[in-house]
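The chain contents come next:
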Amino acid sequence: PFHTGDTQAAPCCPISLILSESAEAYMSNYPDLQLYIGGAWRKTADTLPVVNPVDESLIGALPVATERDLDDALSAAADGLKVWSRAAPARRAEIIRRAAALMRERIEEIALDITCEHGKPLTQARLEVIRGCEFFEWDAGEAQRLYGRVIPSEPGIRYVVHHQPIGTVAAFSPWNFPMSQPSRKVAGALAAGCSIILKAAEETPAGALHIARAFHDAGLPAGVLNLVFGVPARISEYLIPQDQVRLIAFTGSTAVGKHLAGLAARHIKPVLMELGGHAPVIVCDDADAHQAGIVSAVRKARNAGQVCTSPTRFFVHERSFDTFTASFVERARSVKIGDGLDAATEMGPLANHRRIEAMEGLVADAVSAGARLLAGGERIGNRGYFFPVTVLANVPDTARIMREEPFGPLAVINPVASLDEAIAKANSVPFGLAAYAFTNAAANADRLTDEIEAGNLSINTLEASVAETPFGGVKESGYGREGGAEGITHYTVVKNVSHRMA
Ligand code: NAD
């Protein structure tokens, strides 16, 4: 076991990778990437490479949209809006459910493509597809629950509040969940009766492509959903100022979110911002520290830590610190890393080289600030973006990782003397997306519920959101909610009608 005051412990033994021989066969099935505009597929003159993060091999050519393509998408979305906003909610729900059913049928194909472009294990890619379908199925139901209300009035006049589709949505989805991230936005927009232009992540385009394919096959009217790819800044700067675009929905880093929110503010447009997180995990002394350590290490490895809700800053009561840390480190060192196509793999590579650089920088900075490196810490090999689950303990507050989201498989474990101290540390960063705690004491749970600054608090579970609960952040983690009963409301405008009767 490790002790709170230990000097530097040796990182783990050399890590061997699981590499699959069948990779090449799968790569040849990767889809022919195209834009989807006005119900038709289109190629572009310019393309960008899509690579497999396992071996950095080229797997696809991303079409790069021109201004002409974006103009076509805008005009298609205007036509789509006219039809879709007037479609009966039951009809909208039926098409959304049909598309989700098709994606469930195509789960193996979609999951394979996600694994090839992103690197995550196939089992996690399959779960992502199911999760994406759940978002669609949930919002299909919400389409039929967009209730207005009648406000009591004096005789002869009637006040009625309606929720109407906001209009055309410009949505930007990131690369960490190629299918379920865009699902959230497409589901909300389509359920509410909006049309949408989705700019999906350039590095992981296939997930969004499969969504467009499923809606096309499900009979969605042309122009309601348009999918574009290309240079993100060019697309956002072109679309956001357009009169027709009435909502900007973005998931990604806080830095880009601030930029896009600024652009939107210049045109007084609402935004739905799901940004970075730096999730704290408070482990109270009444919890099972051994079990908490194991499940935390497993969760840290999910999606190679590239999740905005990934548990990162562990504040463990000093009486439980050694047990928790020992279990976490042991499980972290045993995580099987390799090609996501191999059934034994628990954690794939990071999605791109930028993440490797970020991990190396944060580890070096923390160690030089005095942190103990207890597991991982170095890139594995020099081909493919592999980086192990890395545990840093007793990390000083001055280290960058205490305020910067790692967005990778890095965990910080620090001892705390009390719940007061844990809550203060948890709240000490500008982020407030997900937060977690392990405790069996009702009084602790009540305090955490009242005092933790986060949009999502999970106690004795490391699951932060499901389709039926609202998900989103406070502070610099963003605003607005996706999912739950709240999500669809962002895609609507409230109209009050005062009607004096003759
Ligand atoms: P990044 O900030 O450059 O890009 C993040 C996402 O924003 C990408 O999908 C990108 O296509 C998009 N983007 C970038 N500039 C844009 C612009 N001007 N207009 C529209 N979209 C734009 O960084 P990155 O290296 O791709 O990702 C690193 C950071 O992003 C991570 O540290 C993490 O904080 C954040 N991130 C968050 C999530 C999330 O789920 N909240 C997902 C992916 C990335």
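Refer to the preceding data block for the structure.
Residues numbered from 1 in each chain as written. Predicted model: local features only at pLDDT ≥ 70, side-chain atom pairs only at ≥ 80, totals over all residues. Heavy atoms only, no water.

**Some details on the overall build of the protein**
Next, step 1: Regarding its fold elements, the protein presents 14 helices and 22 strands.
Next, step 2: Based on the C-alpha atoms only, the size of the protein along its principal axes is roughly 80 × 60 × 40 Å.
Next, step 3: The 502 residues of the protein split such that 57% are buried.
Next, step 4: By element, 53% of the accessible surface of the protein is carried by carbon and sulfur atoms, the whole surface being about 19500 Å².
Next, step 5: Treating the 47 positive side-chain charges of the protein as one cloud and the 57 negative ones as another, the clouds have centres 7 Å apart. (Helix = DSSP H or I, 4+ residues; strand = E, 2+ residues; numbered from the N terminus. Buried < 20%, exposed > 50% of the residue type's maximum accessible area, 1.4 Å probe, protein only. Areas by Shrake-Rupley, 256 points an atom, 1.4 Å probe, with all protein chains shown as cover. Lys, Arg positive; Asp, Glu negative; His and termini not counted. Charge placed at Lys NZ, Arg CZ, Asp CG, Glu CD.)

**Focus: the packing of helix α4 (residues 107–118) against helix α7 (residues 206–218)**
Next, step 1: It is at 9 Å that the axes of α4 and α7 come closest, and there the two elements cross at 155°. Relative to α7, α4 is oriented roughly antiparallel. From α4, E109, I110, D113 and E117 reach across to α7, where they touch A206, G207, H210 and R213.
Next, step 2: Split by residue class, the contact of α4 with α7 holds two nonpolar, two polar and four charged. (Axes fitted to C-alpha atoms, helices over the stretch in contact; angles between N-to-C directions. Parallel < 35°, antiparallel > 145°, perpendicular 65-115°, else oblique. Contact = heavy atoms within 4.5 Å. Nonpolar A, V, L, I, M, F, W, Y, C, P; charged D, E, K, R; others polar.)

**Re the site of the ligand**
Next, step 1: In the vicinity of the ligand, 25 residues are found, and the nearest of them are W175, S236, S253, R354 and E405.
Next, step 2: At 3.3 Å from an oxygen atom of the ligand is found a side-chain nitrogen or oxygen belonging to N176.
Next, step 3: In isolation the ligand offers 800 Å² of accessible surface; the protein chains occlude 85% of this area.
Next, step 4: More than half of the atoms belonging to the ligand lie within 2 Å of the grid points that define the largest pocket.
Next, step 5: Secondary structure elements with two or more residues in the shell around the ligand: α8 (232–239), β10 (245–251), α9 (254–266) and α12 (353–368).
Next, step 6: For the shell around the ligand, the per-class residue count stands at 11 nonpolar, eight polar and six charged. (Near = heavy atom within 4 Å. Polar contact = N/O pair within 3.5 Å; in protein donor to acceptor, adjacent residues only side chain to side chain. 1 Å grid on protein atoms, 1.4 Å probe; cavity = no way out; pocket = protein on both sides within 12 Å on 5 of 7 lines; lining within 4 Å. Sits in = over half its atoms within 2 Å of the grid points.)

**Quick word on the layout of surface pockets**
Next, step 1: Looking at the largest pocket, its volume works out to about 820 Å³.
Next, step 2: Forming the walls of the largest pocket are 36 residues, and the residues nearest its centre are W175, F250, G252, S253 and V256.
Next, step 3: Looking at the lining of the largest pocket residue by residue, the class counts come to 17 nonpolar, 10 polar and nine charged.
Next, step 4: Approximately 440 Å³ is the volume found for the second largest pocket.
Next, step 5: T123, Q124, L127, R299 and R302 are the residues nearest the centre of the second largest pocket, which is lined by 24 residues in total.
Next, step 6: Put simply, the parts of the chain that give the lining of the second largest pocket at least two residues each are α5 (122–143) and α10 (289–301).
Next, step 7: Sort the elements by how many residues they give to the lining of the second largest pocket and α5 lands first, with eight residues.
Next, step 8: Each residue belonging to the lining of the second largest pocket can be placed in one class, and the counts come to 11 nonpolar, five polar and eight charged. (Points joined across faces, edges and corners; volume = space filled by probe spheres on them.)

**With respect to the sheet that holds strand β5 (residues 149–151)**
Next, step 1: The three strands are arranged β5-β6-β22 in an open sheet whose pairing can be described as antiparallel. Looking along the sheet, the strands with just one partner apiece sit at the ends: β5 and β22 (492–500). Averaged over all neighbouring strand pairs, the angle between strand axes comes to 25°, with direction disregarded.
Next, step 2: In terms of strand pairing, β5 meets strand β6 (residues 157–165) through three bridges, oriented antiparallel. Pairing of V150 across the sheet is with V160, part of β6. (Pairing = 2+ DSSP bridges.)

**Some thoughts on the nonpolar core**
Next, step 1: One finds M103, V169, L190 and F215 to be the most contacted residues of the largest nonpolar core, which totals 87 residues.
Next, step 2: A per-element tally of this core places α7 first, with eight residues.
Next, step 3: Ignoring sequence-local partners within four residues, the contact set of M103 consists of I110, V129, C133, F136, M179, H210, I211, A214 and F215.
Next, step 4: One finds A292, A366, V395 and I413 within the second-largest nonpolar core, a separate group that totals 63 residues. (Core = buried A, V, L, I, M, F, W, Y, C linked by side-chain atoms within 4.5 Å.)

**Regarding α9**
Next, step 1: For α9, built from 13 residues, the straight-helix expectation of 18 Å at 1.5 Å per residue is met to within 8% by its first-to-last C-alpha distance of 18 Å.
Next, step 2: Within the sequence span of α9, burial applies to T254, G257, L260, A261, L263 and A264.
Next, step 3: Looking at the packing, one finds that the buried side of α9 touches β7 (168–172), α8, β10, β11 (271–274), β17 (431–432) and β21 (478–479). (Expected span 1.5 Å × (residues − 1).)

**Overview of the pattern of salt bridges**
Next, step 1: Scanning the model with the defined rule gives 27 salt bridges in all.
Next, step 2: As a salt-bridge pair, R379 and E56 come within 3.7 Å of each other at their nearest N and O atoms. One end of the pair, R379, is in the loop between β14 (372–375) and β15 (390–393); the other, E56, is in the loop between β3 (47–52) and β4 (57–63), and 323 residues separate them in sequence.
Next, step 3: A salt bridge links K185 to E482; the shortest N-O distance between them is 2.8 Å. Of this pair, K185 sits in helix α6 (residues 180–192) while E482 sits in the loop between β21 and β22, placing them 297 residues apart in sequence. This pair shows no difference in class: K185 is buried, exactly as E482 is. (Salt bridge = Lys/Arg side-chain N within 4 Å of Asp/Glu carboxyl O.)

Any functional reading would require information beyond the geometric quantities listed.
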